[in-house]
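Residue strings, one per chain:
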Amino acid sequence: MKIRSLADIPNALFYPLKEWAQASSLHWNIFVGSAMLLLLAALVGIFFFIRKLGAADERTNGYYKNWAFTVLIAIFICDTIFPKDYLMNQFFVYKYAIAFLAGDVYMFLQYRKDFQ
């Protein structure tokens, strides 16, 4: 794939992944399954830290707002990086899995800071 402009860079970066995923059904299942496992792990992490931080109050509301801001920034970054021409639904799952993992990292660092 040739790069003719800046808009072609995400497509060129992920084109080998597209070729690999479409080579066989096993590759496709690995590609989709890893996205789902990553999303599941991120969601489990979110619920874990919500339970660890306790009931909603003035302290935790600030954490949740910063968590949402971290997730939003990660979604914006993933929107600029991931291609929009092919495998849109699969990269949609990866986008939210990465965003929720970024939020989990924020919650982990905040939890460690508060309870040490």
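Per chain, residues are indexed from 1 in the order of the written sequence. In keeping with the model being predicted, local features are shown solely for residues with a pLDDT of at least 70 and side-chain atom pairs are shown and tallied solely at 80 or more, while totals for entire chains, interfaces and linings include all residues. Only hydrogens and water are set aside when side-chain values are computed; all heavy atoms of the structure are taken into account.

**Regarding the nonpolar core**
Part 1 of the argument: Nonpolar cores were defined as sets of buried Ala, Val, Leu, Ile, Met, Phe, Trp, Tyr and Cys residues, with membership established by side-chain atoms within 4.5 Å. With a 1.4 Å probe rolled over the protein chains alone, any residue whose accessible area is under 20% of its type maximum counts as buried; one over 50% counts as exposed, and the rest are partly exposed. Core analysis: the biggest nonpolar cluster contains 26 residues, and Trp67, Phe91 and Phe100 have the highest contact counts within it.
Part 2 of the argument: Of all elements in the fold, only helix H1 (9-21), helix H2 (25-53), helix H3 (58-81) and helix H4 (88-114) reach the threshold of two or more residues within this core.
Part 3 of the argument: Strands here are runs of E lasting at least two residues and helices are runs of H or I lasting at least four, both read from the DSSP assignment and numbered beginning at the N terminus. The element contributing the most residues to this core is H4, with eight residues.
Part 4 of the argument: Every residue in contact with Trp67, bar those within four places of it in the chain, is listed here: Ile46, Phe100, Gly103, Asp104, Tyr106 and Met107. In what follows, a contact means two residues having at least one pair of non-hydrogen atoms within 4.5 Å.

**Some details on the packing of aromatic side chains**
Part 1 of the argument: Only centres within 6.5 Å qualify two rings of Phe, Tyr or Trp (six-membered ring in Trp) as a pair; their planes then separate them into stacked at under 30 degrees, edge-to-face at over 60, and tilted for everything else. Applying the stated criterion to the full structure yields 15 aromatic pairs.
Part 2 of the argument: Here the aromatic rings of Phe48 and Phe49 are separated by 5.2 Å at their centres, their planes lie at 75°, and the arrangement is edge-to-face.
Part 3 of the argument: Take Phe49: its relative accessible area is 9%, and that puts it in the buried class.
Part 4 of the argument: What links up through ring pairs into an aromatic cluster is the set Phe14, Trp28, Phe31, Phe82, Phe91 and Tyr94.
Part 5 of the argument: The ring of Tyr86 carries the charged tip of Lys18 above its face, separated from the ring centre by 5.3 Å. For a ring to carry a charge above it, either NZ of a lysine or CZ of an arginine must fall within 6 Å of the ring centroid while also lying within 35 degrees of the normal to the ring plane.

**So, the pattern of salt bridges**
Part 1 of the argument: A pair is scored as a salt bridge if a Lys or Arg side-chain nitrogen falls within 4 Å of a carboxyl oxygen belonging to Asp or Glu. In the structure shown here, the tally under the stated rule is two salt bridges.
Part 2 of the argument: Close ionic contact of Asp114 with Arg59 constitutes a salt bridge, the shortest N to O distance being 3.7 Å. Linking Asp114 in helix H4 with Arg59 in helix H3, this pair joins segments that are 55 residues apart in sequence.
Part 3 of the argument: Note on Arg59: relative accessible area 34%, which makes it partly exposed.
Part 4 of the argument: Lys95 is paired through a salt bridge with Asp79; the nearest N and O atoms lie 2.9 Å apart. Placement of the pair is Lys95 in helix H4 and Asp79 in helix H3, with a sequence separation of 16 residues.
Part 5 of the argument: Among the residues examined, Lys95 registers a relative accessible area of 10% and is labelled buried.

**Here we look at the packing of H1 against H2**
Part 1 of the argument: Relative to each other, H1 and H2 sit at 125°, their axes nearing to 7 Å. Of the possible angle classes, the one that applies to H1 and H2 is oblique. Facing Leu17, Trp20 and Ala21 of H1, the residues of H2 in contact are His27, Trp28, Ile30 and Phe31.
Part 2 of the argument: When residue character is reported, Ala, Val, Leu, Ile, Met, Phe, Trp, Tyr, Cys and Pro are called nonpolar, Asp, Glu, Lys and Arg charged, and the others, Gly included, polar. A breakdown of the residues in the contact of H1 with H2 according to their chemical character gives six nonpolar, one polar and no charged. The angle between two axes is taken between their N-to-C directions and runs from 0 to 180 degrees, where each axis is a line fitted to C-alpha atoms and a helix contributes only its stretch in contact. When an angle is under 35 degrees it counts as roughly parallel; over 145 it counts as roughly antiparallel; between 65 and 115 it counts as roughly perpendicular; any other value is oblique.

**Digging into the side chain of Lys95**
Part 1 of the argument: A distance of 2.9 Å separates polar atoms of two side chains, one belonging to Lys95 and the other to Asp79.
Part 2 of the argument: Dropping the residues within four chain positions of it, Lys95 is found in contact with Ile75, Cys78, Asp79 and Phe82. Polar contact criterion, stated in full: a pair of N or O atoms within 3.5 Å, where within protein one must be able to donate a hydrogen and the other to accept it, and residues adjacent in sequence count only if both atoms are side-chain atoms.

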